[in-house]
Amino acid sequence: MTVVAEVQVRFRDHDSFGHVNNAVYATYCEQARVEYFETVLDVPLHELNIVVAHLELDYRAPIEGVGTVEVEIEAGDPGGKSFPLFYELSYEGEVVATGKTIQVAMDESGTPTRVPDSWRDAIANQP
């Protein structure tokens with residue numbers, strides 16, 4: 001399932017050149033990731049034992065002005081202890097960035113653990 005999260009671009013997101021600062025794109029992905037977890041995995045954020053182990057972003061165009069960024073997000077196949085999420089960020093109908101994160105499931109002691117079967121099922125059953 002592709003989840004589309006709408007994220008507001010705030011005036012404070014901009015740098016001195018009038019563009020959204022590059023680090024803020026990661027925050028837009030984070031907000032979309034929370035919506036994905038709650039929608040697809042049906043797990044509220046405070047119950048997730050998960051960390052982002054890797055983040056990559058490719059910038060295609062600057063975001064200038066305020067408005068809404070649409071972040072499309074979907075998961076790839078889980079491995080043993082991790083799974084990828086893929087992002088496409090659009091502003092005013094134009095793709096402005098793409099990205100990928102790797103999430104690692106953690107146990108209560110903070111040690112990487114197998115991705116729960118319920119998450120695997122939810123990801124596998126995406127339309």
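Analysis parameters
Sequence order as written defines the numbering, with residues in each chain counted from 1. Where local features are concerned, this predicted model is filtered to residues with pLDDT of at least 70; where side-chain atom pairs are given and counted, the filter is 80 or more; whole-chain, interface and lining totals use all residues. Excluding hydrogens and water, the side-chain figures rest on all heavy atoms present in the structure. Each helix corresponds to a stretch of at least 4 residues labelled H or I by DSSP, and each strand to a stretch of at least 2 residues labelled E; elements are numbered beginning at the N terminus. Based on C-alpha atoms, the radius of gyration is set beside the globule rule, defined as 2.2 Å times the residue count to the power 0.38. Relative accessibility decides the category of a residue: with a 1.4 Å probe and only protein chains considered, values under 20% of the type maximum give buried, values over 50% give exposed, and everything between is partly exposed. We call two residues in contact when some of their heavy atoms are within 4.5 Å. Here the Shrake-Rupley method, with its probe set to 1.4 Å, supplies the accessible areas, and only the displayed protein chains count as covering residues. When charges are counted, Lys and Arg are positive and Asp and Glu negative, with His and the chain ends excluded. For charged residues, the charge sits on one atom: NZ in Lys, CZ in Arg, CG in Asp, CD in Glu. By nonpolar core is meant a set of buried Ala, Val, Leu, Ile, Met, Phe, Trp, Tyr and Cys residues that side-chain atoms within 4.5 Å join together. Any two of the Phe, Tyr and Trp rings considered here, Trp counted by its six-membered ring, make a pair once their centres fall within 6.5 Å; the pair's planes then place it as stacked at under 30 degrees, edge-to-face at over 60, or tilted in between.

Chemist: Even after reading the chapter, I still don't get the overall build of the protein chain, so can you show me in this structure?
Modeler: Helix and strand counts for the protein chain come out as two helices and five strands. Counting from the amino terminus, helix and strand elements in the protein chain follow one another as β-α-β-β-β-β-α. For 127 residues, the compact-globule formula gives about 14 Å, and the C-alpha radius of gyration of the protein chain, at 15 Å, lands near that figure. With respect to the three principal axes, the spread of C-alpha positions in the protein chain is 45 × 30 × 25 Å. Evaluated residue by residue, the protein chain yields a buried proportion of 40% over its 127 residues. Sequence-distant contacts, at least 24 apart, represent 64% of the contacts inside the protein chain between residues at least 6 apart. When the accessible surface of the protein chain is split by element, carbon and sulfur atoms take 47% of a total near 7100 Å². Charged side chains in the protein chain number 8 positive and 22 negative. The centres of these two groups are separated by 8 Å.

Chemist: Even after reading the chapter, I still don't get the nonpolar core, so can you show me in this structure?
Modeler: Within soluble globular proteins, side chains that are nonpolar tend to cluster in buried spots. With 36 residues, the main nonpolar core has Tyr28, Tyr36, Ile63, Phe83, Leu89 and Trp119 as its most contacted residues. Contributing elements (two or more residues each) for this core: β1 (3–9), α1 (22–41), β2 (50–59), β3 (67–75), β4 (82–91), β5 (94–105) and α2 (117–124). Take this core: its biggest share by element is nine residues, from α1.

Chemist: Is there a simple way to explain the packing of aromatic side chains in this structure?
Modeler: Aromatic ring pairs are described here by two measures, namely the spacing of the ring centres and the angle between the planes. Counted according to the given criterion, the structure contains four aromatic pairs. Here Tyr25 and Tyr28 contribute two aromatic rings whose centre-to-centre distance is 6.3 Å and whose plane-to-plane angle is 45°, an arrangement assigned as tilted. Taken together, the residues span about one helical turn, with Tyr25 and Tyr28 both in helix α1 at a distance of three residues. Take Tyr28: its relative accessible area is 0%, and that puts it in the buried class. Here the aromatic rings of Tyr36 and Phe37 are separated by 6.4 Å at their centres, their planes lie at 70°, and the arrangement is edge-to-face. For the pair Tyr36 and Phe37, one class covers both residues: buried. Through a chain of ring-to-ring contacts, three or more aromatic side chains come together here, namely Tyr25, Tyr28 and Tyr59.

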